[in-house]
Amino acid sequence: MGDSIQRPGRRRRARLGGAMIALAAALGALLLGASPAWAHNSLVEATPAKNATLAAPPAQVKLRFLATLKSDGTKLTVTGPDGAAAAGATAVSGKAVSAPFTGTAGGAYTVAYEVLSQDGHLIKGSYKFTLDTAESAAASPTAVPSPAAPSSAAPSTVAAAPAADTEEETPWGPWIGGAVVAGLVVGGLISFVRQRRAKA
């Protein structure tokens, strides 16, 4: 008699335990399946660097990103202090996009980009660097060569430090929210099972 009374309780606890395991597995699959959508591409290296001051024009503007880029939908523009375009045709190679620099005037240049990742994620951003032609002229003064000792002054160049300009931060909010929800659900199920056991 007692054994027959206890069996329904055991079956209920077994069913509840199985339901809890299935729910936990479903939550894990949901979080893993959503992770690619939350992952963002981002700029990791820029040449010239953000806010850099150059004494000589760079050969090109080159940006490198975290993920592989698509040629279609990827744009890179450079605008000079007079508002005119200061870059040639854009080239995409793997995770990098580049364009030859054509500016010569001194002043602030704006680099703007719009890149499309292989996963379809589109990001936009911009930053500035400065071309200081006065500093370049001061670093290489004009000298009158003598017949006996001709001089050849080599123009000085300043390399830009590879400082990345990231426009987007890693979206930790969805991960934290998902973990909190999963913890509350599992905790509630455990508490429910304990209450059922105590009543049984």
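All values derive from a computational prediction rather than experimental measurement.

1. Some words on unusual backbone geometry
Most peptide bonds are trans, and most residues other than glycine sit at a negative phi.
Now for step 1: Looking along the chain, the bond that leaves Thr-47 and enters Pro-48 is cis, with omega of 0°.
Now for step 2: Within the secondary structure, Pro-48 sits in the loop between β1 (43–47) and β2 (53–54).
Now for step 3: Positive phi, close to 65°, is recorded for Asn-51, a residue that is not glycine.
Now for step 4: Mapped onto the fold, Asn-51 is located in the loop between β1 and β2.

2. Notes on the pattern of salt bridges
Now for step 1: Per the counting criterion, the structure on display carries two salt bridges.
Now for step 2: A salt bridge links Arg-64 to Glu-45, with the shortest nitrogen-to-oxygen separation between them at 3.1 Å. In this pair, Arg-64 is assigned in strand β3 (residues 60–65) and Glu-45 in strand β1, connecting sequence segments 19 residues apart.
Now for step 3: We classify Arg-64 as partly exposed; its relative accessible area is 39%.
Now for step 4: Residue classification places Glu-45 among the partly exposed positions, given a relative accessible area of 25%.
Now for step 5: Here Lys-124 makes a salt bridge to Glu-114, at a shortest N to O gap of 3.9 Å. On the criterion of sequence distance, the pair formed by Lys-124 in strand β8 (residues 122–131) and Glu-114 in strand β7 (residues 107–116) is long-range, its members being 10 residues apart.

3. What about the sheet that holds strand β4 (residues 75–79)?
Now for step 1: Pairing within the open sheet is mixed, and its four strands lie in the order β2-β8-β7-β4. With one partner strand each, in any of the chains shown, β2 and β4 form the two edges of the open sheet.
Now for step 2: In this structure, β2 lies alongside β8, joined through two bridges in parallel fashion. Counted as the bridge partner of Leu-54 is Leu-131 from β8.

4. With respect to the confidence of the model for the chain
Now for step 1: A residue-level look at the chain finds 53% of positions with pLDDT of 70 or above and a mean pLDDT of 73.
Now for step 2: Throughout residues 29–38 the model reports pLDDT below 50, and contacts reaching past four residues in sequence, or to other chains, amount to seven contacts.
Now for step 3: Across residues 151–170, where pLDDT falls below 50, the model places 41 contacts with residues more than four positions away in sequence or in other chains.

5. Details of the sheet that holds strand β6 (residues 96–100)
Pairing between the strands of a sheet is mediated by backbone hydrogen bonds and can be parallel or antiparallel.
Now for step 1: If you trace the four strands from one edge of the open sheet to the other, you get β1-β3-β6-β5, paired in antiparallel fashion. Edge positions in the sheet fall to β1 and β5 (91–93), since each has one partner strand and no second. When strand polarity is set aside, the average angle formed by the axes of neighbouring strands in this sheet is 15°.
Now for step 2: Here β1 pairs with β3 via four bridges, running antiparallel. Each bridged residue has a counterpart across the sheet, and for Thr-47 the counterpart in β3 is Lys-62.

Basis of the calculations
- Residues numbered from 1 in each chain as written.
- Predicted model: local features only at pLDDT ≥ 70, side-chain atom pairs only at ≥ 80, totals over all residues.
- Heavy atoms only, no water.
- Helix = DSSP H or I, 4+ residues; strand = E, 2+ residues; numbered from the N terminus.
- Salt bridge = Lys/Arg side-chain N within 4 Å of Asp/Glu carboxyl O.
- Buried < 20%, exposed > 50% of the residue type's maximum accessible area, 1.4 Å probe, protein only.
- Pairing = 2+ DSSP bridges.
- pLDDT = per-residue confidence, 0-100.
- Contact = heavy atoms within 4.5 Å.
- Axes fitted to C-alpha atoms, helices over the stretch in contact; angles between N-to-C directions.

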